[in-house]
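Coordinates in review
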Amino acid sequence: MSDDLDELRGRTLAAIDAASTLAEWDAVRVGAVGKSGSLTQLLKELGKVAPEQRRERGAAVNQVKDAVSAALDARRSSLEAAALDARLASERMDVSAPPRPTALGSIHPISRTMEEMAAIFGAMGFEVGEGLDVETDWFNFSALNIPSHHPARADHDTFYMPGTRDGRPLLLRTQTSDVQIITMTSREPPIRIISPGRTYRADHDATHSPMFHQCEGLVIDRGITLGHLKGCLIDFLRAFFGISNLPVRFRSSYFPFTEPSMEVDIGWNRKTGELGAGGDWLEILGSGMVHPKVLANCGIDPREWQGFAFGMGVERVTMLKHGMPDLRPFYESDMRWLRHYGFNPLAPTMLHEGVAR
Ligand code: DAH
């Protein structure tokens, strides 16, 4: 075999050996046996070789070509096997490893507050009652002593719905107080319920959302007085905010469905936002003794049964408890906010320990 062929063979086989990736391997292949590769070129030039040497030269070039092709095939197989091994190693999974807890989901602060309310009032013997988002104006207003001409109706920025039920206009409830009527018309006293749920008003800015949450409370029994109302709400507020000496003030007010009515304030520092001290007062919920007309509207004799009711905004108490400045992120599903303000569903809490006083 001539020197030039010998040299080409040695160089090409060495390059094949040195190719460490399929891309490098392919570059060597194209350079040797591709369309204008060095060996292909030699085969094309056979015609120029003198006839008496052509046969020998042709056989020699073909021999080199066969050797190069065999080396290329072998190298390709081993590169492919190595690539597969690497992939299998990187995707290896130990199916016998014990499960690890993931930290993906969290409890939304609104849900968390409603769970805490259920836990605290539950410990006082309250049940959780439910209402409907779509209600008639009778449950949302009329039965609560807010007849159609009453100015309180205008205050509520009500979303009215098409259609009627029982001949009465439909609306998205503006308050959870409808659950008072649902409960009193569907069962006998004594009654002790709270009812957290969604409410709607046509209002939207940094402190108002067209959909928000309230929690209603209702107690009906014999001999219920203002003292029961005050004791119950003071206990709740101190447990909920986790401040055992939280100042609580009852201030005379007006609601159509209670008489007398009171707004409830808690002590805080207006400058720092700190709850419990500072000499300022912050309104936190509405309450009162259930109006005799409301009891009568539900077929309950006001001479035999008395009661108290209260209602509060779930977003508002959640923002105060956790120092949240803005209402809007509650509904934006922003993962960064949820990670920061959400609650670990597996962490032990007061809900499991019983209510701390
Ligand atoms: N429903 C009232 C509101 O949306 C809150 C409220 C006040 C509820 C006094 C009550 C109550 O049960 O007694 O503003």
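Regarding the overall build of the chain
A tally of regular secondary structure across the chain gives 13 helices and ten strands. Radius of gyration (C-alpha) of the chain: 40 Å, far over the 21 Å computed for a compact globule of 357 residues. Its C-alpha atoms give the chain principal-axis dimensions of about 130 × 50 × 40 Å. The buried share among the 357 residues of the chain stands at 40%. Within the chain, contacts between residues separated by at least 24 positions form 65% of all contacts whose residues are at least 6 apart in sequence. As displayed, the chain offers around 19700 Å² of accessible surface, 53% of which is attributable to carbon and sulfur atoms. Measuring between centres, the 39 positive side-chain charges of the chain sit 2 Å from its 46 negative side-chain charges.

Focus on the packing of helix H1 (residues 3-18) against helix H2 (residues 22-33)
Running from N to C, H1 and H2 cross one another at 165 degrees; their axes reach a closest spacing of 8 Å. By the angle between their axes, H1 is roughly antiparallel relative to H2. The hand of the H1/H2 crossing is left-handed. Touching Thr12, Ala15, Ile16 and Ala18 of H1 are Glu24, Val28 and Ala32, all from H2. Of the residues contributing to the contact of H1 with H2, the split by class is five nonpolar, one polar and one charged.

Thoughts on the nonpolar core
Formed by 44 residues in total, the largest nonpolar core has its most connected members in Phe121, Phe236, Leu237, Phe241, Ile266, Ile284 and Met312. Top contributing element to this core by residue count: helix H9 (residues 226-241), with eight residues. One finds Phe141, Ala143, Ala152 and Trp305 within the second-largest nonpolar core, a separate group that totals 22 residues.

Quick look at the sheet that holds strand E4 (residues 168-172)
Reading across the sheet, the three strands line up as E2-E4-E3 and stay open at both edges, with antiparallel pairing between neighbours. Edge positions in the open sheet fall to strand E2 (134-136) and strand E3 (160-165), since each of these has one partner strand only. Across the sheet, the mean angle from the axis of one strand to that of its neighbour is 35 degrees, orientation sign disregarded. Across three bridges, E2 lies against E4 in antiparallel orientation. Its bridge partner being in E4, Glu135 is matched across the sheet by Leu171.

Focus: the pairing of strand E7 (residues 248-255)
By the bridge criterion, seven bridges tie E7 to strand E8 (residues 258-268) in an arrangement that is antiparallel. Note on E8: the bridge partner recorded for Ser252 is Met262. In this structure, the hairpin formed by E7 and E8 is closed by a connection of two residues.

Considerations on the pattern of salt bridges
Summed over the entire model, instances satisfying the criterion amount to 19 salt bridges. Residue Arg76 is joined to Glu80 by a salt bridge in which the shortest nitrogen-to-oxygen separation is 3.1 Å. Here the residue Arg76 and the residue Glu80 both occupy positions in helix H4 (residues 51-90), the gap between them amounting to four residues, near one helical turn. For the salt bridge of Arg249 with Asp265, the shortest nitrogen-to-oxygen distance reads 2.9 Å. Residue Arg249 is located in strand E7, and its partner Asp265 is located in strand E8; the two are separated by 16 residues in the primary sequence. Residue classification places Asp265 among the buried positions, given a relative accessible area of 2%. If you follow the salt bridges from partner to partner, you end up with Arg249, Arg251, Glu263 and Asp265 in one network.

Considering the domain arrangement of the chain
Domain assignment breaks the chain into domain 1 (3-90) and domain 2 (109-341). Computed from C-alpha coordinates alone, the two centres of domain 1 and domain 2 are separated by 85 Å.

Description of the site of the ligand
Around the ligand, the surrounding shell holds 15 residues, and the nearest of these are Gln175, Ser177, Arg201, Gln214 and Glu216. Gln214 places a side-chain nitrogen or oxygen 2.9 Å from an oxygen atom of the ligand. Phe310 places a polar main-chain atom, nitrogen or oxygen, 3.3 Å from an oxygen atom of the ligand. Protein coverage of the free-state accessible area of the ligand, which is 360 Å², stands at 89%. Considered class by class, the residues forming the shell around the ligand number four nonpolar, nine polar and two charged.

Digging into the environment of Lys35
Structurally, Lys35 is set in the loop between H2 and helix H3 (38-44). Among all residues touching Lys35, those that are not within four sequence positions of it are Thr40 and Lys44.

Definitions and cut-offs
Residues numbered from 1 in each chain as written. Predicted model: local features only at pLDDT ≥ 70, side-chain atom pairs only at ≥ 80, totals over all residues. Heavy atoms only, no water. Helix = DSSP H or I, 4+ residues; strand = E, 2+ residues; numbered from the N terminus. Rg over C-alpha atoms; globule rule 2.2 N^0.38 Å. Buried < 20%, exposed > 50% of the residue type's maximum accessible area, 1.4 Å probe, protein only. Contact = heavy atoms within 4.5 Å. Areas by Shrake-Rupley, 256 points an atom, 1.4 Å probe, with all protein chains shown as cover. Lys, Arg positive; Asp, Glu negative; His and termini not counted. Charge placed at Lys NZ, Arg CZ, Asp CG, Glu CD. Axes fitted to C-alpha atoms, helices over the stretch in contact; angles between N-to-C directions. Parallel < 35°, antiparallel > 145°, perpendicular 65-115°, else oblique. Left-handed = near helix turned anticlockwise from the far one by under 90°. Nonpolar A, V, L, I, M, F, W, Y, C, P; charged D, E, K, R; others polar. Core = buried A, V, L, I, M, F, W, Y, C linked by side-chain atoms within 4.5 Å. Pairing = 2+ DSSP bridges. Salt bridge = Lys/Arg side-chain N within 4 Å of Asp/Glu carboxyl O. Domains from an automatic or database assignment. Near = heavy atom within 4 Å. Polar contact = N/O pair within 3.5 Å; in protein donor to acceptor, adjacent residues only side chain to side chain.

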